[in-house]
Amino acid sequence: MTISKEKIIEQLRRVKGPDLTGNIVDLGLLSDIVISGSTVFFSLTVPSERAEELEPLRAAAERAAAGAEGVEKATVVLTATKKAGTPNPPVRPAPSAGQAAAVPPPMQARAAAAHSHAPAQKAGVPGIGAIIAVASGKGGVGKSTTAANLALGFQANGLKVGILDADIYGPSMPRLLRISGRPQNVSGRILKPMEGYGLKVMSMGFLVDEETPMIWRGPMVISALTQMLREVEWGELDVLVVDMPPGTGDAQLTMAQNVPLAGAVIVSTPQDLALIDARKGLSMFRKVDVPILGIVENMSYFICPDCGGRHDIFGHGGARKEAERIGVPFLGEVPLDMAIRETSDGGTPVVVSAPDSPHAKVYREIARQAWERVEAERQTDKSPAIVFE
Ligand code: ADP
């Protein structure tokens, strides 16, 4: 049966607006309605500060849409409007009934607390020497691949390393490092990190099934991150690499603000668009006073699998020029190579599976330079490097 948008809109006209005046359709809160089979999706735009309070409105819209002929499931999210002076409109999807259970219970409990105390104190994590974020302005640029190989590069250079997969929307460390299973509790709420290739690893991917739809509210994101950072028995580490979620939205900014970062590495592809996004990443960290350790240009040039020749298919060199122009260190170029893709997707990152390859050398060199910058930042930083809680 074909679902008609008009029928859905007709149903939605019955849902009153936020202040019980008018209806959500005539008030212009409704986005376009996307119909896929018997499922419909749409968003309602509300002021960001009222997103929490308007949860019943979201649920009512979902029920109304589900009442239209032929609709089996309706998913409605609240999209927050931009407040004057805020950099990015936060999108705060709310969990619908069945999905709330996707969030591990301790994290649900922490959500409210995190909300009421935000922003959290930027206290250090005892035992961890330095926390480094790996970030990108947008998804798909190879941020997680870089984070995993950078962590392994630090380790190859003699450091004790952990990796925290903060990309809770799309955790990739279980796959990249070929780790499965669930972390064990050591005491109370404290979890033992998983281990892969000598790295201590924590990821949301270990705590929830890959298939589980994850819909997070903003405060839950911070709470989950705080838990993965502070309620894990990391032990003594020289460095913890944090694989940030892609982008520069509200959640990323809050993470950058909440985690005591020694610095950030920005991953970009040579395309201009990615560089524009990378610039957003840079300004996000600058805004919260996190030093930029440098830019990595990923997929910088293409190595032909047949002839082994090098091709600058993306206008190579953009990131290096951009780094020079804005005065941030350039950490290195990683080629687009099937070997990197295969090893990364196959859970055997190139730094460990082919340590003598030119690619592994590139990553170790990036790690060396990034670490040099961390140490240089420490020298110039007047405040103590590690703050004990
Ligand atoms: P992101 O974390 O930015 O979303 P990923 O690290 O998951 O990106 O990489 C996206 C895809 O690109 C993956 O399939 C990965 O194997 C591939 N990839 C990343 N870097 C390279 C590279 N230098 N050469 C070839 N493939 C790459």
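Going by the structure above, here's the rest.
Basis of the calculations
Residues numbered from 1 in each chain as written. Predicted model: local features only at pLDDT ≥ 70, side-chain atom pairs only at ≥ 80, totals over all residues. Heavy atoms only, no water. Helix = DSSP H or I, 4+ residues; strand = E, 2+ residues; numbered from the N terminus. Buried < 20%, exposed > 50% of the residue type's maximum accessible area, 1.4 Å probe, protein only. Core = buried A, V, L, I, M, F, W, Y, C linked by side-chain atoms within 4.5 Å. Contact = heavy atoms within 4.5 Å. Pairing = 2+ DSSP bridges. Phe/Tyr/Trp six-rings, centres within 6.5 Å; stacked < 30°, edge-to-face > 60°. Axes fitted to C-alpha atoms, helices over the stretch in contact; angles between N-to-C directions. Parallel < 35°, antiparallel > 145°, perpendicular 65-115°, else oblique. Left-handed = near helix turned anticlockwise from the far one by under 90°. Nonpolar A, V, L, I, M, F, W, Y, C, P; charged D, E, K, R; others polar. Expected span 1.5 Å × (residues − 1).

Examining unusual backbone geometry
Generally, phi is negative for residues other than glycine and the peptide bonds are trans, each holding for most cases.
Reasoning step 1: Despite not being glycine, Arg178 shows a phi value in the positive range, around 45°.
Reasoning step 2: Note that Arg178 resides in the loop between helix 5 (173-176) and strand 7 (185-187).
Reasoning step 3: Arg178 sits in the exposed class, given a relative accessible area of 59%.
Reasoning step 4: Positive phi values are uncommon outside glycine, yet Tyr197 reaches one of about 50°.
Reasoning step 5: The class for Tyr197 is partly exposed, based on a relative accessible area of 32%.

Focus: the nonpolar core
Reasoning step 1: Ranked by internal contacts, the top residues of the largest apolar core, which has 83 residues, are Phe154, Leu177 and Phe285.
Reasoning step 2: For this core, the leading source of residues is strand 5 (residues 128-135), giving seven residues.
Reasoning step 3: Those residues in contact with Phe285, other than ones at most four positions away along the chain, are Ala133, Ala135, Met244, Ala256, Leu261, Ala264, Ile266, Val290 and Ile292.
Reasoning step 4: In terms of nonpolar packing, the next biggest core, distinct from the first, is built from 22 residues, Ile8, Ala68, Val71 and Ala74 among them.

What to know about the pairing of strand 10 (residues 199-203)
Reasoning step 1: For strand 10, a buried count of four out of five residues is recorded, marking the element as mostly surrounded by other parts of the structure.
Reasoning step 2: Bridge count for strand 6 (residues 161-165) against strand 10 is four bridges, and the pairing is parallel. Paired with Ile163 across the strands is Val201, a residue of strand 10.
Reasoning step 3: Direction of pairing for strand 9 (residues 194-196) relative to strand 10: antiparallel, over a ladder of three bridges.

Section: the environment of Ile33
Reasoning step 1: Structurally, Ile33 is set in the loop between helix 1 (5-12) and strand 1 (34-36).
Reasoning step 2: In sequence terms Ile33 and Lys5 are 28 residues apart; their C-alpha atoms lie 7.0 Å from each other.
Reasoning step 3: Sequence-distant contacts of Ile33, that is, excluding residues within four places in its chain, are made with Lys5, Ile8, Ile9, Leu12, Val40, Phe41 and Phe42.

Observations regarding the packing of aromatic side chains
Reasoning step 1: Applying the stated criterion across every chain yields a total of one aromatic pair.
Reasoning step 2: Between Phe154 and Trp371, the aromatic rings sit 6.0 Å apart at their centres with planes inclined by 70°, giving edge-to-face as the arrangement. One end of the pair, Phe154, is in helix 4 (residues 143-156); the other, Trp371, is in helix 13 (residues 358-380), with 217 residues separating them in the sequence. For the residue pair Phe154 and Trp371, the accessibility class agrees, reading buried in each case.

Describing the packing of helix 1 against helix 2 (residues 55-66)
Reasoning step 1: Across the interface, helix 1 lies against helix 2 with an axial gap of 8 Å and an inter-helix angle of 135°. When the axes of helix 1 and helix 2 are compared, the pair comes out oblique. Pair helix 1 / helix 2 crosses with right-handed handedness. Taken together, the residues of helix 2 that come into contact with helix 1 (itself represented by Ile8, Gln11 and Leu12) are Ala61, Ala64 and Ala65.
Reasoning step 2: For the contact of helix 1 with helix 2, the residue count by class is five nonpolar, one polar and no charged.

Side note on helix 4
Reasoning step 1: Look at helix 4: 20 Å from first C-alpha to last across 14 residues, which is about the 20 Å you get at 1.5 Å a residue.
Reasoning step 2: Taken across its 14 residues, helix 4 has 12 buried, putting it largely inside the fold.

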